[in-house]
Every structure is written in structure tokens, then in C-alpha cells.
Amino acid sequence: MDNSGIETLERRAFAAWPALRTVTRDGWVIRFADGHTKRANSINPVAPGTGDLAARIATAEADYEAAGLPPVFRITPLAEPGLDDALAARGYAAFDESLVMTGPLPHGAADPDVTIDADPVASGWLADFGRATEADAKSLAALARMFAHRVTGTGFARLTRDGMPLAFAMAVPDGGDLGFFEVLTVPQARSQGLARRTLQTCCAWAAAQGATRAYLQVTAGNAGAIALYRKLGLATAYRYFYRMR
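On a predicted model such as this, the values are computed, not experimentally measured, just so you know.

About the thresholds
Residues numbered from 1 in each chain as written. Predicted model: local features only at pLDDT ≥ 70, side-chain atom pairs only at ≥ 80, totals over all residues. Heavy atoms only, no water. Helix = DSSP H or I, 4+ residues; strand = E, 2+ residues; numbered from the N terminus. Rg over C-alpha atoms; globule rule 2.2 N^0.38 Å. Contact = heavy atoms within 4.5 Å. Areas by Shrake-Rupley, 256 points an atom, 1.4 Å probe, with all protein chains shown as cover. 1 Å grid on protein atoms, 1.4 Å probe; cavity = no way out; pocket = protein on both sides within 12 Å on 5 of 7 lines; lining within 4 Å. Points joined across faces, edges and corners; volume = space filled by probe spheres on them. Expected span 1.5 Å × (residues − 1). Buried < 20%, exposed > 50% of the residue type's maximum accessible area, 1.4 Å probe, protein only. Arc of directions from axis to C-beta. Polar contact = N/O pair within 3.5 Å; in protein donor to acceptor, adjacent residues only side chain to side chain. Axes fitted to C-alpha atoms, helices over the stretch in contact; angles between N-to-C directions. Left-handed = near helix turned anticlockwise from the far one by under 90°. Nonpolar A, V, L, I, M, F, W, Y, C, P; charged D, E, K, R; others polar. Salt bridge = Lys/Arg side-chain N within 4 Å of Asp/Glu carboxyl O. Core = buried A, V, L, I, M, F, W, Y, C linked by side-chain atoms within 4.5 Å.

## Overview of the overall build of the chain
Line of reasoning, step 1. The helix and strand tally for the chain stands at 7 helices and 11 strands.
Line of reasoning, step 2. Here the C-alpha atoms of the chain give a radius of gyration of 18 Å, agreeing with the 18 Å that 2.2 N^0.38 yields for 245 residues.
Line of reasoning, step 3. Principal axes of the C-alpha set define a box for the chain whose edges measure 55 × 40 × 30 Å.
Line of reasoning, step 4. Sequence separation of 24 or more characterises 70% of the internal contacts of the chain that already satisfy a separation of 6 or more.
Line of reasoning, step 5. For the chain, the computed accessible surface area is about 10,800 Å², with 52% contributed by carbon and sulfur atoms.

## A word on empty space enclosed by the protein
Where empty space is left becomes clear once a probe the size of a water molecule has been rolled over the atoms.
Line of reasoning, step 1. Using the criterion set out here, one finds 1 cavity of 30 Å³ or more in the structure.
Line of reasoning, step 2. Space inside the largest cavity adds up to approximately 50 Å³.
Line of reasoning, step 3. What lines the largest cavity is Ala-13, Phe-14, Trp-17, Arg-31, Arg-39, Asn-44, Arg-74, Phe-181 and Gln-217.

## Observations concerning helix H2 (residues 53–66)
It helps to recall that an α-helix has 3.6 residues per turn; residues three or four apart then point in one direction.
Line of reasoning, step 1. Taking 1.5 Å as the rise per residue, H2 with 14 residues should run 20 Å; its terminal C-alpha atoms sit 20 Å apart, in good agreement.
Line of reasoning, step 2. Looking only at H2, the buried set comprises Leu-53, Arg-56, Ile-57, Ala-60, Glu-61, Asp-63 and Tyr-64. All buried residues of H2 project into a common sector of 155° when viewed along the axis, lining one side.
Line of reasoning, step 3. Regarding H2, its N-cap is Asp-52, as a side-chain oxygen of that residue lies 3.3 Å from the backbone nitrogen of Ala-54 further along.
Line of reasoning, step 4. Trailing H2 by a residue or two, Gly-68 shows a phi angle of about 75°, which is positive.

## Side note on the environment of Pro-120
Line of reasoning, step 1. Counting through the fold element by element, Pro-120 comes out in the loop between strand E6 (114–117) and helix H4 (125–133).
Line of reasoning, step 2. C-alpha separation for the pair Pro-120 and Ala-148, spaced 28 residues apart in sequence, amounts to 9.5 Å.
Line of reasoning, step 3. Those residues in contact with Pro-120, other than ones at most four positions away along the chain, are Trp-125, Leu-126, Phe-147, Arg-150 and Phe-156.

## Focus: the packing of H4 against helix H5 (residues 137–147)
Line of reasoning, step 1. Axis separation between H4 and H5 bottoms out at 11 Å; the angle between their running directions is 140°. The chirality of how H4 crosses H5 is right-handed. From H4, Trp-125, Leu-126, Phe-129 and Gly-130 reach across to H5, where they touch Leu-140, Leu-143, Ala-144 and Phe-147.
Line of reasoning, step 2. Residue classes in the contact of H4 with H5 are distributed as 7 nonpolar, 1 polar and no charged.

## Some words on the pattern of salt bridges
Line of reasoning, step 1. On inspection of all chains with the given rule, the structure shows 18 salt bridges.
Line of reasoning, step 2. When the shortest N-O distance is used, the salt bridge between Glu-10 and Arg-74 registers 2.5 Å. Here the residue Glu-10 occupies a position in helix H1 (residues 3–16), and Arg-74 occupies one in strand E4 (residues 72–75), the gap between them amounting to 64 residues.
Line of reasoning, step 3. A relative accessible area of 1% means that Glu-10 is categorised as buried.
Line of reasoning, step 4. Residue class for Arg-74 comes out buried when judged on its relative accessible area of 2%.
Line of reasoning, step 5. A salt bridge links Asp-177 to Arg-12, with the shortest nitrogen-to-oxygen separation between them at 2.4 Å. Within this pair, whereas Asp-177 is found in strand E9 (residues 177–185), its partner Arg-12 is found in helix H1, the two being separated by 165 residues in sequence.

## Some words on the side chain of Thr-154
Line of reasoning, step 1. Mapping Thr-154 onto the fold places it in the loop between H5 and strand E7 (155–161).
Line of reasoning, step 2. Setting aside residues up to four positions removed in sequence, Thr-154 forms contacts with Asp-117, Ala-118, Met-170, Ala-171, Val-172, Pro-173 and Trp-205.

## With respect to the environment of Val-46
Line of reasoning, step 1. Looking at the secondary structure, you find Val-46 in the loop between strand E3 (43–45) and H2.
Line of reasoning, step 2. Aside from chain neighbours lying at most four places away, what touches Val-46 is Glu-7, Arg-11, Phe-14, Gly-27, Val-29 and Leu-78.

## So, the side chain of Thr-102
Line of reasoning, step 1. Structurally, Thr-102 is set in strand E5 (residues 93–104).
Line of reasoning, step 2. Looking at Thr-102, the relative accessible area reads 10%, which means it is buried.
Line of reasoning, step 3. Discounting residues that sit within four places of it in the chain, Thr-102 has contacts with Met-1, Leu-9, Arg-213, Ala-214, Tyr-215, Gly-233, Leu-234, Ala-235 and Ala-237.

## A short note on the nonpolar core
Line of reasoning, step 1. One finds Phe-180 and Tyr-229 to be the most contacted residues of the largest nonpolar core, which totals 61 residues.
Line of reasoning, step 2. Counting residues per element, this core draws most heavily on strand E8 (residues 164–174), at 7 residues.
Line of reasoning, step 3. What Phe-180 contacts, discounting residues up to four positions off in sequence, is Met-170, Ala-171, Leu-199, Cys-202, Cys-203, Ala-214, Tyr-215 and Leu-216.
Line of reasoning, step 4. In terms of nonpolar packing, the next biggest core, distinct from the first, is built from 16 residues, Leu-53, Ala-60, Leu-69 and Tyr-92 among them.

Structural measurements only, silent on function.
This is the structure in C-alpha cells:
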């Protein structure tokens, strides 16, 4: 995938997984969300900058220190030459390599055990997801505020069996693309095909709205999830990782 395609996906993912506050400065998208997830609390280079690199890094660091957050840089193929080496020299360690996978929208049929709700709070999706992830009250509150800025038409999918919510996904259709976020199966129900059923239901739902392609982000070490996504026809488009002191 060329840089134009990468930038399009990056900007769609920013909108799909909204920060509470975003600052755009000299080629960098700087995002804040009270510390909930690195994606929404990181410095994301999307275009070459024009200012002094060291000064721009220092300014971004000050932004995060003022917000009470550690500065985290997200390094994609869009990062300008020299940035990664400069961060390493300042003591930033690399971690959490991830893949962005894309492909034609997988064929899906609606599963009767999967519901898709528009409002994660009123439907109880957020509360169930919080229990499944053992999220604390602060994280859930931040997530609720982030969802208040979500893309119109976002769907919150939940597979329930015998009254128990067992699998979750957040599906965001935008411009013909369907983004998947927060894909989760509770530990006691894994390896039963529940994530596949949930995602395929989301695909059927999004296809009816005109979606033709899908994308998602997954940590490089999650072999089980990557195998599932490959079976659904998705392939790695590019990689990224984070750096933090």
C-alpha cells in the first residue's frame, strides 16, 4: 500500500476511534483521551514537517506532560526520516508492534445470537464490555466520552448465549470501508468461532450500507486473531509500533 492509501486509512481510523482532544501541528496528529488506549493518546506523524525535529519533539512532550500523560509516539510508514532514530536517542523504547490488515469485505450472514446497537450506553453494551475486560470506572468513563464523538452509524456488536455476552466488536462504516475495533471474546468462550460469527454479522450489516472493504489493527503477537482475519480474507497492508520513554 502506498503512502496515500496509508494516510487515508490512518485518518479513517482516527475518526473511527475518536480522541477527546486532537491537535494538528506541522504534520503530526497529536491525540489525547485521558490515557485510555495508546491509539487515542499518541503523537501520529502523517506528513513531513517543516520545523526543527528536536524542537517539535520537545513541544509534543510538553503537551503530554501538561496533560499529565506520558508522551507516546506511534511510528507508521508515514513517519518522516530521522524521527525514529531521534526518539531512540532520547531514550524512547519501541514496543507493541501491530499490523493494519485490509481486504475485500468478508462475506457474512446475520447470526441470530448477535445484536448490533447504535448506542453503547443505553443498550448496555459498554457495561457488558467493561465487565468482560475488567475495566475500571475511569477507563469506562473515558470510553463513554470517546464514543460520544463516534462516527455516525457506528455499530456495537455483541454475541449473547444463554443470556451471557460472550463476544464483542465495534464496527465503523465510513466511505465504503468498514473498520473493526474492540474485537473481544471472553476467555472462557474462546476457540469456539464466536469472534468469526460476530464479525460476519457486522459484515452483513455493513454490506447493506454499501461497505465493500474492511480494515482493522491487531498486535503482531496475537497469532490466533491474525489467523482468523486471514481466513476472512484480510492481509497485512502495513505495520506500526509505539515508542515511549
